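Structural description and commentary
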Amino acid sequence: MPITYSLAPEPFWILIDTNGQTAGGGFLYSFDNLTRLPKAIFQDPGGNLEWTNPIRFNLNGVQGPFYFKADSSNPDDTYYLEATNAQGG
């Protein structure tokens, strides 16, 4: 079955902290939901260019676009995401 790379529902994501402010310089960590091992998110629809893991957001708290890998032969293998502020909290 094919492996595809799908654009996230929102092309550009914004991180918001617990005070309702943008989390400028924050991080997005991506893991395999089953193993909790790091799992790549991609910058292009062909899956050729990976983002760093963690992905650092700009000073406005915005980053993207994000393409997520999907394997139709293993539909349970999805992503587990964690976001933090610039200080890692």
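Everything that follows concerns the structure shown earlier in this document.
The following refers to the structure shown. The structure presented is a predicted model; accordingly, all values stated were derived computationally and were not measured. (Residues numbered from 1 in each chain as written. Predicted model: local features only at pLDDT ≥ 70, side-chain atom pairs only at ≥ 80, totals over all residues. Heavy atoms only, no water.)

Points about the environment of tryptophan 51
Within the secondary structure layout, tryptophan 51 lies in the loop between β3 (27–32) and β4 (55–56). When the C-alpha positions of tryptophan 51 and isoleucine 14 are compared, they lie 16 Å apart, and in sequence the two are 37 residues distant. Among the polar contacts listed, one links the side chain of tryptophan 51 to the backbone oxygen of phenylalanine 42, at a separation of 3.4 Å. (Helix = DSSP H or I, 4+ residues; strand = E, 2+ residues; numbered from the N terminus. Polar contact = N/O pair within 3.5 Å; in protein donor to acceptor, adjacent residues only side chain to side chain.)

Looking at the nonpolar core
Leu28, Ile41, Ile55, Phe57, Phe66 and Phe68 are the most contacted members of the largest nonpolar core, which has 13 residues in total. Setting aside anything within four residues of it in sequence, one finds isoleucine 55 in contact with Gly26, Phe27, Leu28, Ile41, Gln63 and Phe66. (Core = buried A, V, L, I, M, F, W, Y, C linked by side-chain atoms within 4.5 Å. Buried < 20%, exposed > 50% of the residue type's maximum accessible area, 1.4 Å probe, protein only. Contact = heavy atoms within 4.5 Å.)

Digging into the pattern of salt bridges
Under the defined criterion, the tally for this structure stands at 1 salt bridge. Where aspartate 77 meets lysine 39, a salt bridge forms, and the shortest distance between an N and an O atom there is 3.3 Å. Of this pair, aspartate 77 sits in the loop between β6 (67–71) and β7 (79–84) while lysine 39 sits in the loop between β3 and β4, placing them 38 residues apart in sequence. (Salt bridge = Lys/Arg side-chain N within 4 Å of Asp/Glu carboxyl O.)

Examining the packing of aromatic side chains
Tallied over the full model, the rule gives 8 aromatic pairs. Look at phenylalanine 68 and tyrosine 79: their rings are 4.8 Å apart centre to centre, the planes differ by 80 degrees, and that puts the pair in the edge-to-face class. Taken together, the residues span a long stretch of sequence, with phenylalanine 68 in strand β6 and tyrosine 79 in strand β7 at a distance of 11 residues. Here the two residues phenylalanine 68 and tyrosine 79 agree in accessibility, since each one is buried. Following the ring pairs from residue to residue traces out a cluster consisting of Trp13, Trp51, Phe57, Phe66, Phe68 and Tyr79. Over the ring of tyrosine 80 we find arginine 36; its NZ or CZ atom is 3.7 Å from the centre of that ring. The side chain of lysine 39 reaches across the aromatic face of tyrosine 79, ending 4.4 Å from its centre. (Phe/Tyr/Trp six-rings, centres within 6.5 Å; stacked < 30°, edge-to-face > 60°. Lys NZ or Arg CZ within 6 Å of the ring centre and 35° of its normal.)

Details of the environment of proline 38
Along the polypeptide, proline 38 turns up in the loop between β3 and β4. According to the relative accessible area criterion, proline 38 is exposed, its value standing at 63%. Residues proline 38 and isoleucine 3, spaced 35 residues apart in sequence, show a C-alpha to C-alpha distance of 18 Å. The residues touching proline 38, leaving out its near neighbours within four places in the chain, are Ser30, Phe31 and Asn53.

Some points on the side chain of lysine 39
The buried category is assigned to lysine 39, whose relative accessible area is 11%. Those residues in contact with lysine 39, other than ones at most four positions away along the chain, are Ser30, Phe31, Asp32, Asn53, Lys69, Asp77, Thr78 and Tyr79.

None of this, on its own, says anything about what the molecule does.
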